[in-house]
Structures are given as structure tokens and as C-alpha cells.
Amino acid sequence: MAIAEHMEEAEEYSSPLSLPDEAYEVYRHLYGKLQLHPGSRAVVGITSAIRGEGRTTVALGLAATIAQDSAEPVLVVEADIENPQLHELLGGPRRGLVDAVTDGEPLAGVMTPITPNLLVVPAGSHPENVGAFFYRLATSRLPQGDGWWPAVVIVDLPPIMNYGYGPMIAGIADVLLMVTRANVTPTTLVREAVARLEGNRPRGLVLNDHRTYLPSWISRAG
Amino acid sequence: MRRYLETFFQYWRFAVLPILIFPAAAIAGLVLMGGGYKAQANVWVNQSALKQLAYINIGFTPAQNLATNLSQMLGSPMFAGAVMQASPQYAAIAHHSQQWAAQDLHKNVTFTATGPNVVTVTYASNSPRALPVLTALLRQAPIQFAQLTHDPSATGVYRVVDSPAFVAASSKKQELLILGLGLLAGVLLSGLFVSIRTSMDHARVQLEDVGDMTGLPVLAAIPHGLGLHLGEEAV
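Residues numbered from 1 in each chain as written. Chains lettered and ligands numbered in written order. Predicted model: local features only at pLDDT ≥ 70, side-chain atom pairs only at ≥ 80, totals over all residues.

Enquirer: Looking at this structure, I do not really get the overall build of chain B. What am I missing?
Expert: A count of helical and extended segments in chain B gives 10 helices and 7 strands. Within the span of chain B, comprising 235 residues, buried residues form 31% of the whole. Contacts spanning at least 24 positions in sequence make up 70% of the contacts within chain B whose residues lie at least 6 apart. (Helix = DSSP H or I, 4+ residues; strand = E, 2+ residues; numbered from the N terminus. Buried ≥ 20, exposed ≤ 12 C-beta atoms within 10 Å, placed from the backbone. Contact = placed C-beta atoms within 7 Å.)

So, in C-alpha cells, the structure goes:
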């Protein structure tokens, strides 16, 4: 499917994606720190040590911000196939990453637009052999095909500590970010996850759900 | 320091509790105990009659020597019996037990040399009858001295210059001290709680140290409440 067809399809959607205004600014800062060159077509991987850290939130938030601020098409790929969320949020089961990789077809065939230039690839069908799927994904990378490919691809990767192939799959990303939930995730797990990613060191951490209990007058005093 | 403050404000209900409870308990204790009743009298020592008494130290002032002799007398059941005889009210309190009365007097009566010739006698009691008991004690003590020394002049060993009267059971200074100690205990316990809680939370990822602990820079901190919504559902 050509980009123009995607755009036309997206026009019919009223975007269900909503972010608080302050959140856009946070993601703008994050995107700025990634220092991605325009036109680099970089694959940004969002991973975490364990589940529930907010990878999908960060992946969609970052993608929505880039899509809103630029005219470039942005794609979010859901690679955490055992805990898929996007297909439910998109209104039901859809073909996705698993189907594309298994059938050897390009991702463009399973993309679903959310806004005119924000597309998502849900996890899709559950594979018979999760290990075999992850191995295939890690070795073959994202199936781009010969056709159109978005300017920015953000992959919602499976958590590192939950899968033996976790670090290997993280290798499909050019730039890796690790999401961790403040005041919840044990530091030892994050350290262990970072250690497992030795060959593909994350660019940095994204601290999710951060909150301070200090009164503002103390915070201001530094 | 910021981390401890953060913990304090996060768990402020628990952290503040001991700071409130301990001083409140101290106040409650002061109110409930009430300090009891304290009767006090001052006696003037007659030096010439003092020489007849058993425990005389030439290095001591007359007041100190009298205080020593009076203190020695306190543990005696015989003296206690004499006090009970002189004060039927005290006999009732003591259930007519000389042993009980001797212990009570030994425990609660103090003789303090407040001047070279002045001894302050204090009786602290839970009963408002402290006053007649002290009066009886002061009346009986010289008689007891006279009997012990077989010298009638010993009855004039002292004269009461300030009759027994009630004084404040506990001073403001003492009350403030108890209150201060209660407050200190509360603050210490609160500090201990905050300290333990902080060390427990230290095992969890926090903005202040996650960068140092993992060796990775923190590129963004997404504030609580800035979650994403897709349709009706939060992601």
C-alpha cells in the first residue's frame, strides 16, 4: 500500500490518540536528545527490564509528538507479542507483525493509520512458537520490503528480563531507549537488564510516572 | 537530604504520628499522674540539742547532721508506729501496718539541708492527707530522739519555722523536661521511620540516582498523570 493510500485511509479516522499538552513538551525534549538526523530512517527501540514500565505509553507518546510536529510519516511497531495492547485499542484483532514476519511480507501490508501520518503495526496473531518467532525477527529484522518506509519507526520491544531473546530482539533497533517506572521498578533489575544489553547499549533511560512529594516551596529552594 | 524529605512528605501521616503521639502521651501522663500531693515544712536546727543525737559528723553543717539523723529514723517501724498513732488518718491509709508506713515514709519523705541551720522536710503522697501526716511526723520525730537518747532536751532539737503546707507537686521545669523528652522521642522515632523507609525505597528506581546506578543518562522523566489515552482507555 502506498503512502498516499494510507493518508487517505487515515482521513476517515477521528484520531483516538490523546496526550496532555505538557506531555508533548516532554516527548519533544526526549526526541531532541535522541539527536536523530532528519531522513535517517532510524528505528528507535523502546524496551524495559520488566512488564508494566510504560513502554507502549512512551512509544506512542513519542510517535504522536513526532507525527504532530512533522509532516513525516511515523510508524509504531508492537513487538511485545505476548502482551499485545494495540489491537484492542484499534478496535479488534488485526493482522500485524507476527503475520508479516511469518508470511514473509513487508510491514507496509499490515500498517494501520491512527492519524494522517501516524501508523501502527499491532502484534497480530499469536505465533505457535514464540521463541522461533523472536529468533526469526532478531535475525531477519523488520521486513521493510522494497517499497515505502516511514521516516521514523518506533518499536515497542518485549521486556529484556522476560525473554531470553530480549537482548537479541533489541538489536533490530538503531537507537535503544529503556523505560523504567519511578518508585516501582527495583534498581537491580534495571541494572541487570542494562548489563544484558551489553552489545547494544541503550542511548538512555526514560523515567516513567515520575512524581515528587516535596512541596513546591522546597522543590523551588533546590 | 532531599531523598529523606521526599520520604517524609510521601509518608507524612506515618512520619508525623510519633511526633504527635509521644508529646501527647507525656501530657496525658502529667495530667493523669497529676504529680500527687506534696507537703513541705522548714525546721530550724537547735545546735546545742543536736549534740545529743547519734549521727554527728563534725564536717557537716547542723542542718546536714539533723537531716542525716532524721533520715536514719525513717526506716524504723517504731517511728512509723508513732506517726500513725499521732495521725489516725495516716493509720487508716497504712491499714495500721507499721511495716507499710515505715516503707512509705522511707520512700516519700525527704530531708534537705537548705541552709546551714534550715532543713526542708517534704512528704510526697498520692493522698491529700500528706499535710496531717507531715505535721504528725514533725511532732513525733523530736519525741523519738528524746526516747532514743534518753535525754528530754532532745525534744528541742529543732523548731518548725514554716508549718507544713502544700507545694506544687512538680515544677514547670520538670513538666517542660518531660514534654521535651516526649517530643525528642517522637522526633527520633519519626526520623528512624523515615530513614528505614528511605533505605527501602532506595532499592526502587528514583530520578536522583538511577543514572548513577545504571550508568545511563536519564533522557526524560515523564511526570505522573501525563499518561496516554487511546480512545477511552489509558495505555
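Don't stop here, the text continues.
Enquirer: Whenever I open this one, unusual backbone geometry confuses me. Can you help?
Expert: Negative phi values dominate among residues other than glycine, just as trans dominates among peptide bonds. Positioned with a positive phi, asparagine 183 of chain A is a non-glycine residue whose angle comes to about 65 degrees. A residue is classified by how many C-beta atoms lie within 10 Å of it, and asparagine 183 of chain A, with 17 of them, is partly exposed. Positioned with a positive phi, histidine 95 of chain B is a non-glycine residue whose angle comes to about 55 degrees. One can find histidine 95 of chain B in the loop between helix H6 (88-93) and helix H7 (98-108). Judged by the 9 C-beta atoms lying within 10 Å of it, histidine 95 of chain B is exposed.

Enquirer: Looking at this model, I keep getting lost on the nonpolar core. Mind explaining?
Expert: Side chains that are nonpolar tend, in soluble globular proteins, to be buried together. Residues Ala63, Val77, Ile154, Val155 and Val206 of chain A are the most contacted members of the largest nonpolar core, which totals 73 residues. At 8 residues, the largest contribution of residues to this core is made by helix H3 (residues 55-69) of chain A. In this structure, Val45, Ala80, Tyr123 and Val157 of chain B belong to the second largest nonpolar core, which totals 41 residues. (Core = buried A, V, L, I, M, F, W, Y, C linked by C-beta atoms within 7 Å.)

Enquirer: What should I look at first to understand the sheet that holds strand E8 (residues 204-210) of chain A in this one?
Expert: Sheets are built from strands paired through backbone hydrogen bonds, the pairs being either parallel or antiparallel. Pairing is mixed in the open sheet, where 8 strands are placed in the order E4(A)-E5(A)-E3(A)-E6(A)-E2(A)-E7(A)-E8(A)-E5(B). Where the open sheet ends on each side, the last strands, each with one partner, are strand E4 (112-115) of chain A together with strand E5 (218-223) of chain B. Taken pair by pair, the neighbouring strands of this sheet meet at an average axis angle of 25 degrees, ignoring direction. Sheet topology note: the strand E7 (residues 175-181) of chain A/E8 of chain A ladder contains 5 bridges and is parallel. (Pairing = 2+ DSSP bridges. Axes fitted to C-alpha atoms, helices over the stretch in contact; angles between N-to-C directions.)

Enquirer: Looking at this structure, how should I read the packing of helix H2 (residues 21-34) of chain A against H3 of chain A?
Expert: When two helices pack together, their arrangement is given by the angle between their axes and by how far apart the axes lie. All names here are of chain A. With their axes 9 Å apart at the nearest point, H2 and H3 run at an angle of 90 degrees to one another. Comparing the axis directions of H2 and H3 gives the class roughly perpendicular. On H3, the residues touching Ala23, Tyr24, Tyr27, Arg28, Leu30 and Tyr31 of H2 are Gly61, Leu62, Thr65 and Ile66. A breakdown of the residues in the contact of H2 with H3 according to their chemical character gives 7 nonpolar, 2 polar and 1 charged. (Parallel < 35°, antiparallel > 145°, perpendicular 65-115°, else oblique. Nonpolar A, V, L, I, M, F, W, Y, C, P; charged D, E, K, R; others polar.)

Any link to function would need more than the numbers given here.
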